[in-house]
Each structure stands twice: as C-alpha cells, then as structure tokens.
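Chain by chain, the residues:
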Amino acid sequence: MMRLYVGLLGAIACALMSSHSSSLSVAIVSMARYNRSAALLDSDDNTGQCFTGITTGGNGSDDSSQESIDTIRGEFDWSESLQGIILGANFYMYLITPTISGRITERFGAKWMTALTIMISGSILALIPTAAHTSVELLITLLVIQGLFHGCVFASLFSLYANWFTASERSYAISGIAAGSNFGNLVTFPLAGYLSNSQFAGGWPSVFYIVCMAHIPWLILWILCVEDTPLKSSRSRLIKCSADELAYIQTNINSFGAPKSSSRAPWIKILTSRCVWSSIIWKISAGWGYYLLLSKMPSYLDKVFGLSLLQNGLFNAMTSLATGLTMAFCGPLSAFIIRKASPRLSKTAVRKIFASIALLGPASCLALITALGCNSQAVITLLIMALFLYGFMTGGEFTIISEFAPDFSGTVFGIAATISVFPAFVAPYVVGIILGDKPGEIGRWNLVFYITIAIYILGTVVFVMFASAEPQEWGLIDKVNRKKRSKSIDIISKDSMRDAAQEILTCVER
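Residues numbered from 1 in each chain as written. Predicted model: local features only at pLDDT ≥ 70, side-chain atom pairs only at ≥ 80, totals over all residues. Heavy atoms only, no water.

Undergrad: Would you take a moment to explain the packing of helix H3 (residues 80-88) against helix H7 (residues 136-164) for this structure?
TA: Packed helices, taken two at a time, are described by their axes: the angle between them and the distance between them. Packing of H3 against H7 leaves a shortest axis separation of 8 Å and a crossing angle of 30°. Considering the angle they form, H3 stands roughly parallel to H7. On the side of H3, the interface is formed by Leu 82, Ile 85 and Ile 86, while H7 contributes Val 136, Leu 139, Ile 140 and Leu 143. Tallied by class, residues from the contact of H3 with H7 come to seven nonpolar, no polar and no charged. (Axes fitted to C-alpha atoms, helices over the stretch in contact; angles between N-to-C directions. Helix = DSSP H or I, 4+ residues; strand = E, 2+ residues; numbered from the N terminus. Parallel < 35°, antiparallel > 145°, perpendicular 65-115°, else oblique. Contact = heavy atoms within 4.5 Å. Nonpolar A, V, L, I, M, F, W, Y, C, P; charged D, E, K, R; others polar.)

Okay, here's the thing in structure tokens:
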C-alpha cells in the first residue's frame with residue numbers, strides 16, 4: 001500500500017532530521033575542551049562531585065582500564081553557556097518557518113517542500129567541521145540556517161498526511177512521525193559516540209560526514225514513491241497508488257478533514273482559542289524537558305558520572321529506544337481506548353490522561369533522581385524511565401491538533417511549533433549559566449531538575465483545564481463557509497426587504 005510507504009518515508013525523514021541534533025549533542029563532548037583533573041582541583045574538596053577519580057563504568061566502581069582523570073580532550077575552548085548557544089542554534093529560526101511552511105504546503109503541496117528541507121539541512125552537516133575550525137560565529141550561523149529548514153518538516157508532513165490518511169489511521173501515522181524522530185536518535189547516539197572516539201576521518205568530524213551521506217538513499221525513495229495526493233500518485237509513471245486504494249482514500253478522507261488550498265485561515269479565532277494555547281503551553285513544558293535531556297544528557301553523564309563516549313552513546317540510545325517504543329504504541333493504544341471506552345470515556349479525557357502521564361511521569365523520575373545522589377545506575381534507570389513515560393505524548397497532545405482543527409492542522413501546528421520552540425534554545429543556555437565553571441557538581445544539576453519539574457506541572461495543569469479533542473467550529477471549513485453563507489443570505493434578505501418597502505412607498509406616493 002502506498003500509504004505505508006508514505007508513512008514509513010515520512011518517519012525516516014523525521015529520523016534524519018533528529019540525527020542532526022543528536023550527532024552534535026554527542027560530538028560536542030569531544031569538540032569542547034575539558035580538563036577533568038583541573039575541574040576536580042577547582043572544586044572545594046570535591047564537594048558535590050560524583051566523579052572523583054578514574055572514569056567509572058556506570059556502577060560507581062573504579063575501572064583502571066578506563067581513561068585517566070588528567071586527560072585533556074577537545075580542541076575548542078567553549079564555555080558551558082557557549083555550548084548551550086551552539087546546541088540551541090538549530091532552533092532559532094523555528095520562530096519564523098513553521099507557520100509559513102504550514103500555509104505554503106497546504107497551498108502548494110508537501111512532497112518537494114519536505115525533500116528540499118531535509119536534503120539542504122542534511123548537506124549542511126558536511127560543512128560543520130570546517131565551520132567549527134574557522135570560527136564559532138560561523139558555526140552558529142550555519143546551525144541557524146540548518147534550523148531554518150528544520151522548521152518546515154513537521155508542518156509539511158502534517159499537511160501531506162492530511163491528504164493520504166483517513167481518520168482511523170491518523171494516530172498511527174502521527175505516532176510514526178514521533179517514533180521516527182527517536183529512531184534517528186537511537187541510531188545516531190551510539191554511532192556518534194563510536195566515531196567520536198575513533199580515528200576515522202579525524203574522530204568527531206566523521207560523525208557529520210556519515211550522517212550526511214545517509215540522506216541520499218532516502219531522497220531517491222522519496223522522489224520515486226511519494227506524491228502530494230493519492231490522485232497524483234495514481235497517475236504516476238513510477239510507483240503508483242492502486243485504484244482500490246485511491247477509492248478507499250477518497251471515500252474516507254473527508255472524515256479527516258483534508259485542508260482545501262483555497263481556504264483562508266481564521267487567524268483571530270486560532271490565536272484566541274483556549275484549545276490552541278493549551279497545546280502551546282503543553283508543548284513548551286514538554287519541550288523544555290525533552291530538549292534538555294536530548295542536548296545536555298551526554299554532558300551530564302560525562303562530567304557528573306565520568307561515562308566514556310561509547311558508554312554515553314549507548315545510554316542515550318537506550319533512552320531513545322524507550323521513547324520510540326512508547327511513541328509507537330501509545331498512539332494506537334489511545335485510539336483503541338477511545339473506540340472501546342466510548343461513550344463512558346470521552347476522546348478529550350483520553351487525550352488528557354495520556355498527556356498528563358507524558359509530563360508528570362518524567363517529573364516524578366527527575367524528583368527521585370535529585371534524592372539519589374551519586375548512584376549512577378539508579379539515575380540512568382530513572383532517566384530511561386522518564387523518557388519512556390514521555391512517549392505517552394503521542395496518545396495525548398501530539399494528536400489533538402488534528403482533532404480540534406482538522407482542516408487547519410498544518411497551520412495550527414505551525415503556530416504551536418513556532419511559539420513552543422523557545423525551550424529548544426533557552427533550556428541549554430539556562431543550564432549552561434546554572435552550571436557555570438562547575439559542570440560536574442550534582443547540586444547544580446539538581447537545581448536544573450527542580451526547574452524542569454515545576455515546568456512539567458504547569459503544563460499539565462493548563463492542558464487538563466483547557467484542552468479539547470472536539471472539532472472547533474473555526475477548525476472546520478464547511479461550517480465556516482456555511483456560517484458565512486448564512487450571514488450573506490441574511491444580508492441579502494434584509495436588502496430585499498428594504499428594496500420592497502421602498503417600492504411600496506413609491507407606489508403609495510404615486
């Protein structure tokens with residue numbers, strides 16, 4: 001089935017995009033200069049330090065086969081706050097591109113928009129080593145440009161899926177987007193750890209070269225298999241949608257609310273909708289924790305617990321696997337619960353339950369981490385559990401936009417992604433400021449976790465109070481047009497009555 005190919009290639013596109021950030025998160029541990037011995041000497045009697053000697057294997061026991069503490073690695077003298085700016089640079093242009101790309105793809109199609117954005121942003125990876133050696137300003141500029149194209153991907157895929165997937169398949173397709181992103185991290189984290197620790201192509205530069213080359217097979221398959229609509233696919237000379245599948249989609253697609261290119265978005269109603277803002281605030285809260293863990297956990301495990309790059313990559317791969325698993329099955333699980341529990345349990349209630357688990361679950365894990373001290377095995381287990389629970393978001397908020405605004409899902413998602421992107425570049429920078437020149441002190445990391453817990457709770461409360469999975473009137477084109485027509489008829493009727501009255505008065509005067 002062509003729908004399977006479209007969904008699979010869309011998930012791989014998200015996997016490739018996520019690999020851009022995760023490769024930098026691991027590679028920067030090797031890129032930035034860090035002197036373990038000096039860091040320990042600067043600390044007062046190692047107060048608050050978990051790692052105080054030889055690098056450990058994650059269970060707290062010394063292992064003489066690991067690297068020594070006097071190892072000085074990295075060639076770039078970047079502070080923690082500067083590293084936060086570098087890690088967040090991908091997301092600065094998210095303030096501009098998602099909303100614009102949402103409308104562009106709804107009007108002109110998503111096939112070439114997705115292909116263009118993925119390939120240009122992927123090609124930029126090959127330029128990162130040269131940019132880093134030239135100047136940090138050039139590196140940040142390059143990452144900002146890369147983020148300009150990243151901001152188009154999700155909105156493009158949402159619009160593409162609106163034309164291909166029926167209402168009953170919605171949760172599966174959207175879950176595939178989220179799961180694909182984590183699959184990209186699953187592959188990239190250990191690969192980046194291994195390559196950074198090797199001598200191949202200079203070590204860390206090889207990470208960006210290898211990930212860049214992985215985009216080529218995807219581009220070929222995307223061009224061959226994907227079209228903007230099933231109708232275009234059925235007319236293709238290459239791989240095409242069958243007549244039976246086309247008939248099935250055309251019969252059922254209206255229940256999904258496929259966007260019409262000629263429609264105008266009701267901007268004022270979108271920007272004043274409680275449903276929209278509940279999703280935005282939830283995304284901000286979830287994004288703060290997710291981007292924090294995605295971008296700073298390699299540094300946390302390295303500087304607090306002394307994990308090697310290879311161990312670090314393997315751990316981060318486990319967190320991505322845990323998140324990917326829940327993201328993959330929670331979408332279908334929520335659809336099953338909605339189908340079986342209705343009408344006893346509404347769709348809105350199910351979305352709120354899943355969304356609450358996705359935030360309060362990680363918040364509970366982080367709270368336990370702050371009480372565990374230097375028990376590295378327990379901390380690592382809780383971090384994996386936190387991201388496992390975060391994956392419940394595909395059964396909660398991640399699907400709800402296409403439900404309360406089915407005919408403007410690309411536009412609304414673009415707006416939500418634009419506003420909620422702030423944590424992506426603010427969180428790493430704030431963490432860098434909190435850590436300062438002592439990134440190995442566990443007390444400073446605990447402060448980071450307390451802030452994250454508070455943000456998680458805020459997002460949960462707002463979403464539970466104001467979210468809704470029911471289609472809003474402004475989110476359905478047919479209702480909006482019907483309302484406009486009704487107003488037009490009223491105006492015409494009033495004008496006709498006025499004209500008739502005028503004619504009667506004229507006759508009387510005569």
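Continuing now.
Undergrad: Teacher, can you tell me more about the nonpolar core here?
TA: For soluble globular proteins, nonpolar side chains are generally found buried alongside one another. Counting residues in each nonpolar core, the largest one holds 105 residues, and the members touching the most others are Leu 160, Tyr 300, Leu 383, Phe 404 and Val 412. No other element matches helix H14 (residues 274-305), which puts 14 residues into this core. Those residues within four positions of Val 412 in sequence are excluded, and the remaining contacts are Ile 270, Val 276, Ile 401, Phe 404, Ala 405 and Trp 474. Of all hydrophobic cores here, the second largest spans 25 residues; its members include Ala 27, Ile 28, Trp 78 and Ile 140. (Core = buried A, V, L, I, M, F, W, Y, C linked by side-chain atoms within 4.5 Å. Buried < 20%, exposed > 50% of the residue type's maximum accessible area, 1.4 Å probe, protein only.)

Undergrad: Please clarify how the packing of H3 against H14 should be interpreted in this entry.
TA: Their axes nearest at 10 Å, the elements H3 and H14 cross at an angle of 150°. As judged from the angle between their axes, H3 and H14 are roughly antiparallel. Where H3 approaches H14, its residues Glu 80, Gln 83 and Leu 87 are matched on the opposing element by Ser 295, Lys 296, Ser 299 and Lys 303. Taken together, the residues of the contact of H3 with H14 sort by class into one nonpolar, three polar and three charged.

Undergrad: Where do I start with a nonpolar patch on the surface in this structure?
TA: Together, Met 1, Leu 4, Tyr 5, Ile 216, Ile 220, Leu 224 and Ile 239 make up a nonpolar patch on the protein surface, roughly 680 Å² of accessible area in all. Breaking the nonpolar patch down by element, the ones donating at least two residues are helix H1 (2-31) and helix H10 (215-225). With respect to the helices, strands and loops of the structure, Leu 4 is situated in helix H1. (Patch = residues over 30% accessible without salt bridge, like charges linked within 9 Å, V, L, I, M, F, W, Y side chains within 5 Å. Areas by Shrake-Rupley, 256 points an atom, 1.4 Å probe, with all protein chains shown as cover. Salt bridge = Lys/Arg side-chain N within 4 Å of Asp/Glu carboxyl O.)

Undergrad: Would you mind going over the confidence of the model for the protein chain with me for this structure?
TA: Regions with low pLDDT should not have their predicted coordinates read in detail. For the protein chain, mean pLDDT is 78; residues scoring 70 or higher make up 80% of the total. Every residue in residues 255-262 scores below 50 in pLDDT, and together they form 23 contacts with partners more than four places removed in sequence or on other chains. (pLDDT = per-residue confidence, 0-100.)

Undergrad: Help me understand the pattern of salt bridges in this model?
TA: Pairing between side chains becomes possible if they bear opposite charge and their charged atoms approach one another. All chains considered together, the criterion is met by four salt bridges. Arg 351 is paired through a salt bridge with Glu 403; the nearest N and O atoms lie 2.6 Å apart. One end of the pair, Arg 351, is in helix H16 (residues 347-372); the other, Glu 403, is in helix H18 (residues 397-404), and 52 residues separate them in sequence. Both residues of the pair, Arg 351 and Glu 403, count as buried. Taking the shortest distance from any N to any O, the salt bridge between Arg 444 and Glu 441 comes out at 3.6 Å. Among the residues examined, Arg 444 registers a relative accessible area of 25% and is labelled partly exposed. Since its relative accessible area comes to 14%, Glu 441 is described here as buried.

Undergrad: Is there a simple way to explain helix H15 (residues 309-341) in this structure?
TA: Given 3.6 residues to a turn, an α-helix orients residues that are three or four positions apart in the same direction. Under the 1.5 Å per step criterion, the end-to-end length of H15 is 47 Å for 33 residues, consistent within 8% with the ideal 48 Å. The axis of H15 is deflected most strongly, by about 30°, at Cys 330, and proline Pro 332 appears within four residues downstream. (Expected span 1.5 Å × (residues − 1). Bend = angle between axes of the 7 residues up to and from the residue.)

Undergrad: Mind showing me how you'd approach the packing of aromatic side chains here?
TA: Any pair of aromatic rings gets described here by the distance separating the centres and the angle formed by the planes. Taken as a whole and judged by the stated rule, the model has 14 aromatic pairs. Measuring from ring centre to ring centre gives 5.1 Å for Tyr 290 and Tyr 390, while their planes differ by 15°; the resulting arrangement is stacked. Residue Tyr 290 is found in helix H14, and its partner Tyr 390 is found in helix H17 (residues 376-390); the two are separated by 100 residues along the sequence. Judged by relative accessible area, which is 13%, Tyr 290 ranks as buried. Both rings, one in Phe 354 and one in Phe 392, keep their centres 5.7 Å apart while their planes meet at 40°; by these two values the pair is tilted. Remark: Phe 392 occurs in the loop between H17 and H18 and Phe 354 occurs in helix H16; sequence separation between them is 38 residues. Like Phe 354, the residue Phe 392 is buried in the burial classification. Members of the aromatic cluster, joined through ring pairs, are Phe 76, Trp 78, Trp 204 and Phe 208. (Phe/Tyr/Trp six-rings, centres within 6.5 Å; stacked < 30°, edge-to-face > 60°.)

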